[in-house]
Amino acid sequence: MQRAVSVVARLGFRLQAFPPALCHPLSCAQTKILGSDRVKLMESLVVGDIAELRPNQGTLSLFTNEAGGILDDLIVTNTSEGHLYVVSNAGCWEKDLALMQDKVRELQNQGRDVGLEVLDNALLALQGPTAAQVLQAGVADDLRKLPFMTSAVMEVFGVSGCRVTRCGYTGEDGVEISVPVAGAVHLATALLKNPEVKLAGLAARDSLRLEAGLCLYGNDIDEHTTPVEGSLSWTLGKRRRAAMDFPGAKVIVPQLKGKVQRRRVGLMCEGAPMRAHSPILNMEGTKIGTVTSGCPSPSLKKNVAMGYVPCEYSRPGTMLLVEVRRKQQMAVVSKMPFVPTNYYTLK
């Protein structure tokens, strides 16, 4: 079965490739980090190894605080144009911008070469099995040479200065297109002329990212969740772990080898769908955790969810109870992603 695809736009609608492609609007903040000390700045705020990124390669990373909590998730790309391109959540924009601006001022006062520029671009996400095929008709670049988490600047359907990144928050192949605001409507209209592309709302995107086991900031991760608790240890760069030079490292790094009290897990059940804030109980009926995201899975025809439980209940196959509409029903801890991802990688 081909899954729906999704296009996200900061304009307020999102383009998605719907069997085979979808389209819809996503609000994201876009920033350039400039100067020869740009990597130093970014690595003073996030857990990832930014220095190891190749030209035009990006990575998902996390802003963390000194207590080890996650301030936001973001994508950082090392562009070949000599700056870092940062995409973060618009819902966290004020605190993210203040965080980066404060660090810029701190480093500038130390004589460092670093600056920040806010981009006034729209962001369109075109996602799905035929997303690359749809986009290829409007670009001269060969998209077969653009693997997952890499980007390139190109003209797209007549709009110049677009940054196309092979990524998206759906688990499917696709792209996110940073487009100058003046050309955003033209580009969205051009994409929608293809009958493969359908508009999709936030509910469609939410089901896709849940099937892919991807976190929604504010629901599944927040300032009181560490990367280890959130099952996001893979975002911690190996070099950064050894150096312990990122915010919250003294809390986070010991958790990698020790035992955390709780972990984010996947849950699957039949019957009524699990929703955020639904209590999770052990088989004796004692509350042990809470669902953070949940919905019916269109691909699996079952209900999927994520939530936090004590480590002793986090093993896949563990049977638990979830309270839905004041009734208890069986749920099983399940591996994520629930649906295999289809990211495009060069063979």
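Owing to the predicted nature of the structure, the values given are computational and were not obtained by experimental measurement.

A pair can form between side chains of opposite charge whenever their charged atoms are brought close. For the structure on display, the rule yields 13 salt bridges. Here Glu-106 makes a salt bridge to Lys-103, at a shortest N to O gap of 3.3 Å. With Glu-106 and Lys-103 both in helix H2 (residues 93–109) and 3 residues apart, this pair spans about one turn of that helix. Residue class for Glu-106 comes out partly exposed when judged on its relative accessible area of 38%.

A separate point is the sheet that holds strand E7 (residues 115–118). Overall, antiparallel pairing links the 5 strands, which are arranged E4-E5-E6-E3-E7 in an open sheet. Bordering the open sheet on either side are strand E4 (57–64) and E7, each of which pairs with just one other strand. Going from strand to strand, the sheet's axes swing by 30° on average, the running direction of each strand aside. Seen against the sheet, H2 touches strand E3 (28–34), E4, strand E5 (70–78), strand E6 (84–89) and E7 and runs at an angle of roughly 155° to E7.

This part is about the domain arrangement of the protein chain. On domain assignment, one finds that the protein chain holds domain 1 (5–209) and domain 2 (262–337). Inter-centroid distance (C-alpha atoms) of domain 1 to domain 2 is 31 Å.

Pairing of strand E14 (residues 279–281) with strand E17 (residues 319–324) involves 2 bridges; the strand directions are antiparallel. Its bridge partner lying in E17, Leu-281 is registered against Leu-321. The pairing of E17 with strand E18 (residues 327–334) spans 6 bridges and is classified as antiparallel. Each residue of the ladder has a partner; that of Val-324, found in E18, is Lys-327. What sits between the antiparallel neighbours E17 and E18 is a turn of 2 residues, in which Arg-325 has the positive phi angle 55°.

This part takes up the sheet that holds strand E16 (residues 302–310). An order of E13-E16-E15-E14-E17-E18 is seen for the 6 strands of this closed barrel, with the pairing classed as antiparallel. The sheet shows a mean angle of 40° between the axes of neighbouring strands, taken without regard to direction. Across 3 bridges, the pairing between strand E13 (residues 262–269) and E18 is antiparallel. Bridging from a neighbouring strand, Met-268 pairs with Val-332 of E18. Together, strand E15 (287–297) and E16 form the strand contacts of helix H5 (residues 202–211), whose direction differs from that of E15 by roughly 120°.

Among the surface-exposed residues, Met-283, Met-319 and Met-330 lie close enough to one another that they form a single nonpolar patch of about 270 Å² accessible area. With respect to the element layout, Met-319 can be found in strand E17. Accessibility expressed as a relative area gives 37% for Met-319, which makes it partly exposed.

Below, the discussion takes up empty space enclosed by the protein. Over the atoms a probe the size of a water molecule is rolled, and this reveals where empty space is left. Across all of its chains, the model carries 1 cavity of 30 Å³ or more by this definition. By volume, the largest cavity amounts to about 60 Å³. In terms of lining, the largest cavity is formed by Ile-75, Thr-77, Tyr-85, Val-87, Leu-123, Thr-165, Cys-167 and Glu-176. Counting only elements with at least two residues in the lining of the largest cavity, the list comes to E5 and E6. Residue composition of the lining of the largest cavity, grouped by class: 5 nonpolar, 2 polar and 1 charged.

On to the layout of surface pockets, then. Taken as a whole, the largest pocket spans an internal volume of roughly 1100 Å³. Along the walls of the largest pocket sit 48 residues, with Leu-60, Asp-73, Tyr-169, Leu-214 and Trp-234 positioned nearest its centre. Take the lining of the largest pocket: its biggest share by element is 6 residues, from E4. For the lining of the largest pocket, the per-class residue count stands at 27 nonpolar, 14 polar and 7 charged. Taken domain by domain, the lining of the largest pocket gets at least three of its residues from each of domain 1 (5–209) and domain 2 (262–337).

Conventions used here
Residues numbered from 1 in each chain as written. Predicted model: local features only at pLDDT ≥ 70, side-chain atom pairs only at ≥ 80, totals over all residues. Heavy atoms only, no water. Salt bridge = Lys/Arg side-chain N within 4 Å of Asp/Glu carboxyl O. Helix = DSSP H or I, 4+ residues; strand = E, 2+ residues; numbered from the N terminus. Buried < 20%, exposed > 50% of the residue type's maximum accessible area, 1.4 Å probe, protein only. Pairing = 2+ DSSP bridges. Axes fitted to C-alpha atoms, helices over the stretch in contact; angles between N-to-C directions. Contact = heavy atoms within 4.5 Å. Domains from an automatic or database assignment. Patch = residues over 30% accessible without salt bridge, like charges linked within 9 Å, V, L, I, M, F, W, Y side chains within 5 Å. Areas by Shrake-Rupley, 256 points an atom, 1.4 Å probe, with all protein chains shown as cover. 1 Å grid on protein atoms, 1.4 Å probe; cavity = no way out; pocket = protein on both sides within 12 Å on 5 of 7 lines; lining within 4 Å. Points joined across faces, edges and corners; volume = space filled by probe spheres on them. Nonpolar A, V, L, I, M, F, W, Y, C, P; charged D, E, K, R; others polar.

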